[in-house]
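In case you want the letters, here they are:
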Amino acid sequence: MYNPYMTNISAWTLTGDAPEQGLGVLAEVDVLVAGAGPAGVAAAVVAAEAGQSVLIVEKYGFAGGAAVAGMSGTICGLYLASETDREPRQVVGGFTERFRRELLARGGLTPPQIYGKTWTVAHDPLVWREVADDLLARAGVRVLFHTAVTGVVLDGDTHRGVVVESNAGRAVVLAARTIDASGDAAVVARAGYRYTFGDNGVIQNPTMFFRLGNVDVGRFLDFYGTDTICPPWVTEEIIQARNAGMDLPRQKIWIFTTPRPGELMVNATRLAGQDGRMLNVIDPADFTEAEILGRRQVRSYARFLTERIPGCENAFVLDTGVEAGIRQTRTIAGIDRLTNDDVLAARKREDGICRVPWPIELHAGDRPKLSWLLDDYYEVPYGTLVPERGEHIIVAGRCLSAEHEALASARVTAQCFEYGHAAAVATLLSLDKDTAYRDLDGREVRAAMAANGSTLSPS
């Protein structure tokens, strides 16, 4: 039974709509992780395996974030891009590789699939959830699903925990350190710290993924080809169907085979407001519009596939994402920033905590814009995870401090696992040394990650 006990927190400030008295404390832990997407799962598991008491809270009834609820369905960012080397070369290890191996061992992951000049792998979202459940349980992480962060507990500028809410009511979780792995910088924003939205408020379009069942995959691949990015003849078919009146706003679509027989995963929709404006899914009105529009577009693209693409004649929609696929919302102001030049120059860093070989992948207009990094990668500096204000808090995931185009490369799943890994390592160092995140040497974080199996360039 939900029965938080009372404690005196009157000396601290509670943000949000929480009352300043009579609020119970649900838990006191070493580490609180907000959000159970790839970054959150990695952060919670690594911290708990090191002996810390860890609580992870998640608004849905399962782990996975955009990878599962948004049904993005792939682990992008594992492999180098190349125009000459046509075999996949994986350059990211650490927790990312650990999770990849678990998925593969359970039959929940495809072999590498061609994605333009690079490769990606597609996963089974149910197996993803099961792997996360088991890793969290084995590490001893306390998990609270169906629980949302609604406020922050502050002692001046020092984070002491969060206010959470569920159907059982509202309570406080106190924590020595907080890892904001919400993807939306939910904790940072509720503390009133600075953040931005994309390029002067313009963010990447959300999308609605869907899965198509009862496909003759062999015949489909014979027509479509092995590149998951659609070939020119499919784009021509889309344009013809659009001219005939079908609602197909995006003419360059991506289709992946999945670990399940007779199934395809489709990334085709482009979600903008009915008046053409950019939709910011932080706003629930925009989020609602995106999801209703997304489900309608799914039916249009499914009809297109069944009517015009061989192998899909008898196919049907199995499901869509629980939510629209979110590529970008809030970006924190950090003590360091990943710049567009860092990406284009493939810059390596002494304090780099993750390799990124993924292209700049901007989603706007009727076709995504791809800027490839060929036979190389850059590294994300540690300071991009540390907010410029606030003590005892660090972020992990797509809300890291980065310029707009840089984030369009750095935000993908393989890297989010490693951002969570980095946040956990930094948390362990911060607790052990009783040192602020901002005062840690990023090179020490990097060294500890390398000892854990992360693949990083020689210092």
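Residues numbered from 1 in each chain as written. Predicted model: local features only at pLDDT ≥ 70, side-chain atom pairs only at ≥ 80, totals over all residues. Heavy atoms only, no water.

A. Focus on the pattern of salt bridges. All told, the structure shown has 29 salt bridges when counted by the stated rule. A salt bridge links R194 to E388; the nearest nitrogen and oxygen atoms lie 2.8 Å apart. Taken together, the residues span a long stretch of sequence, with R194 in the loop between α4 (186–190) and β12 (195–197) and E388 in the loop between β21 (378–381) and β22 (393–395) at a distance of 194 residues. Judged by relative accessible area, which is 32%, E388 ranks as partly exposed. Among the charged side chains, a network of salt bridges with common partners joins E102, R106, D134 and R138. (Salt bridge = Lys/Arg side-chain N within 4 Å of Asp/Glu carboxyl O. Helix = DSSP H or I, 4+ residues; strand = E, 2+ residues; numbered from the N terminus. Buried < 20%, exposed > 50% of the residue type's maximum accessible area, 1.4 Å probe, protein only.)

B. Structural detail: helix α10 (residues 413–433). Taking 1.5 Å per residue, 21 residues should reach 30 Å; α10 reaches 30 Å between its end C-alpha atoms and fits that length. Where burial is concerned, most of α10 is hidden: 18 out of the 21 residues are buried. Where α10 ends, the next residue or the one after it, D434, has phi of about 50°, a positive value. (Expected span 1.5 Å × (residues − 1).)

C. Representation of the packing of helix α2 (residues 94–105) against α10 within the structure. Following both chains from N to C, one finds α2 and α10 inclined at 120°, their axes separated by 7 Å at the closest point. Considered as vectors, α2 and α10 are oriented oblique to each other. When the axes of α2 and α10 are compared, the crossing they make is right-handed. Contacts between α2 and α10 involve G94, F95, T96 and F99 from the former and A414, F417, E418 and H421 from the latter. Here the contact of α2 with α10 is composed, by residue class, of four nonpolar, three polar and one charged. (Axes fitted to C-alpha atoms, helices over the stretch in contact; angles between N-to-C directions. Parallel < 35°, antiparallel > 145°, perpendicular 65-115°, else oblique. Left-handed = near helix turned anticlockwise from the far one by under 90°. Contact = heavy atoms within 4.5 Å. Nonpolar A, V, L, I, M, F, W, Y, C, P; charged D, E, K, R; others polar.)

D. Spatial organisation of the nonpolar core. Counting residues in hydrophobic clusters, the biggest one holds 110 residues, and the most contacted among them are V41, F99, W128, I353 and Y419. At ten residues, α10 tops the list of elements feeding residues into this core. Sequence-distant contacts of F99, defined by excluding residues within four places in its chain, comprise V41, W128, V131, A132, L135 and F417. Residues L212, I238, A324 and I326 belong to the second largest nonpolar core, which totals 33 residues. (Core = buried A, V, L, I, M, F, W, Y, C linked by side-chain atoms within 4.5 Å.)

E. Quick look at the sheet that holds strand β6 (residues 113–115). Pairing is antiparallel across the open sheet formed by three strands, whose spatial order is β5-β7-β6. The sheet is open, and its two borders are formed by β5 (74–75) and β6, each paired with just one other strand. Bridge count between β5 and strand β7 (residues 118–122): two bridges; the pairing is antiparallel. In the sheet register, I75 faces β7, and the bridge partner there is V121. (Pairing = 2+ DSSP bridges.)

F. Structural detail: the pairing of strand β11 (residues 169–180). Counting buried positions over the twelve residues of β11 gives nine, a clear majority of the element. Pairing geometry for strand β3 (residues 24–34) and β11, over eight bridges, is parallel. Opposite A27, over in β11, you have V173 as the bridge partner. Taken together, the six bridges between strand β10 (residues 158–166) and β11 define a ladder with antiparallel strand orientation. Along β11, the bridge assignment pairs V162 with V173. Here β10 folds back onto β11, and the loop between the two strands holds two residues. Here β11 runs beside β22; their pairing, made up of three bridges, is parallel. Note that in β22 the partner of T178 across the bridge is I393.

Shape descriptors only; they carry no functional weight alone.
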